[in-house]
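# Architecture at a glance
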Amino acid sequence: MKRRIILIGTAAIAAAVTLAAGPDAAAAQDHVIMSNDNNAVGLKGKTFEYLREEIASRLGDAVNIELHHSGALFDQETQIQGLQLGSADLIAPTSGHYAPIAPNVNALSLPFLLSSPDEIQEAMDDPIIREAIFADMEAQNVVPVAVWMNGPRDLAYTGSDAILRPADMSGEKIRVQSIPVDIAAMEALGANVVSMSWSEVPTAMQQGVIDAVEPTPNALVGAGLYEMIDQVTEIGYYYSFYIVGANKMWWDGLPEETRTGLEEALTAATEWNWENSQAENTAAYDTVRGAGVEIHALSDEERVQWVEAVQPVWQEFGAEAIGAEAMDRLREIGGTENEAG
């Protein structure tokens, strides 16, 4: 697997920002405030903890590290604004949560397109795709500094009938993130979409507000949802990943030695995340099976039906949003040049 960190900014910009910030800037740069919208025991929480340890080992007393888990500082809905305003320095939302400030980021999680960490990293590195997607983000004082993996998003649900074809989704009350492309994908499949924060999901499932979710295996187990469902279908409708975002003014204004230490720590944490994500998800499904939950796999014929059903989503959030050239690159990277659409 290719593992590399996305580093943006020049010494000239850093110097200019530091001068503009005034005499209090150095004190502010001694703080690294990290906000995790998820719990501390899941894959992302563990990656944040690893990052904290790596920063401390490299920079020691030179920085004051704060790490807030479980949305204690900012939740899924408020963390982008908190980062922009400088109340947090580093966050790691699911990629689509950046859509309010960079709408074209939706294209990176088009259903049934990019299906592996390597494909995601290749797309993130591609200059045509980067220009189409990330220019808006940087203009909004947010810079991507790393890519962490989460896992394939599958269907987990209650009831005795297996979901194997798009038609089986009709009427399912499914929770999705407040991300336009996720909502559009499930609506295209005929589901009744309920958008809510992840922290609200267990209660909603227990109360029957929802009867299906589409998380990664590690999130399914981390939230204890595997004890509330009857079946899982491994549709892998997209490979979920996190974009580690930094407040751009803070990042560019860091002293060179501090930023170098952070870059090294992020590289180490990213490598740890990539190496452990697959193992975490495999172990999670072992737990799910052990709880007596039936897990289904799609046949090739069934998968084609899902791909065909989401073609309007590819058009709206792909070609129409980022342009034909960038969309062609995504299809090439995802190996879908000859599929529907």
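The paragraphs below set out a description of the structure included in this document. Since we're looking at a predicted model, the values are computed, not measured.

### Brief notes about helix α3 (residues 43–59)
- Between its first and last C-alpha atoms α3 spans 24 Å; for 17 residues at 1.5 Å apiece the expected length is 24 Å, and the two agree.
- When α3 is considered as a whole, its buried residues turn out to be Leu 43, Lys 44, Gly 45, Thr 47, Phe 48, Leu 51, Glu 54, Ile 55 and Leu 59.
- Looking at the residues trailing α3, positive phi occurs at Gly 60, about 50°.

### Quick word on unusual backbone geometry
- You will see that Phe 112, though not glycine, has its phi angle at about 60°, which is positive.
- For Asn 141, which is not glycine, the phi dihedral falls at a positive 70°.
- Within the fold, Asn 141 resides in the loop between α6 (127–139) and β4 (142–152).

### Concerning the pairing of strand β6 (residues 173–176)
- Summarising the sheet, β6 and strand β7 (residues 192–195) pair through 4 bridges and their orientation is parallel. In the strand pairing of β7, Arg 175 is matched with Val 194.
- In this region the chain leaves β6, passes through helix α7 (residues 180–188) and returns to the parallel neighbour β7; the handedness of that crossover is right-handed.
- As defined by bridge partners, β6 adjoins strand β8 (residues 212–213) across 2 bridges and the pair is classed as parallel. Considered in β8, the bridge of Ile 174 is made with Ala 212.

### Here we look at the sheet that holds strand β9 (residues 231–234)
- A sheet is described by the order of its strands in space; here 6 strands give the open sequence β7-β6-β8-β5-β9-β11, paired in mixed fashion. Since the sheet does not close on itself, it has two edges, and those belong to β7 and β11 (294–297), each with one partner.
- Sheet topology places strand β5 (residues 155–157) next to β8; 2 bridges connect them, and they run antiparallel. Looking across to β8, one finds that Ala 156 is bridged to Val 213.

### Comments concerning the sheet that holds strand β10 (residues 239–247)
- Judged by pairing direction, the sheet is mixed, and its 5 strands sit side by side in the order β2-β1-β3-β10-β4 without closing on themselves. The open sheet has two edge strands with one neighbour each: β2 (64–68) and β4.
- Pairing geometry for strand β1 (residues 31–35) and strand β3 (residues 90–91), over 2 bridges, is parallel. For Met 34, the partnering residue across the bridge sits in β3 and is Leu 90.
- Packing against the sheet, helix α11 (residues 256–290) makes contact with β1, β4 and β10, and its axis sits at approximately 15° to β4.

Parameters at a glance
- Residues numbered from 1 in each chain as written.
- Predicted model: local features only at pLDDT ≥ 70, side-chain atom pairs only at ≥ 80, totals over all residues.
- Heavy atoms only, no water.
- Helix = DSSP H or I, 4+ residues; strand = E, 2+ residues; numbered from the N terminus.
- Expected span 1.5 Å × (residues − 1).
- Buried < 20%, exposed > 50% of the residue type's maximum accessible area, 1.4 Å probe, protein only.
- Pairing = 2+ DSSP bridges.
- Right-handed = clockwise from strand over helix to strand, strands pointing away.
- Contact = heavy atoms within 4.5 Å.
- Axes fitted to C-alpha atoms, helices over the stretch in contact; angles between N-to-C directions.

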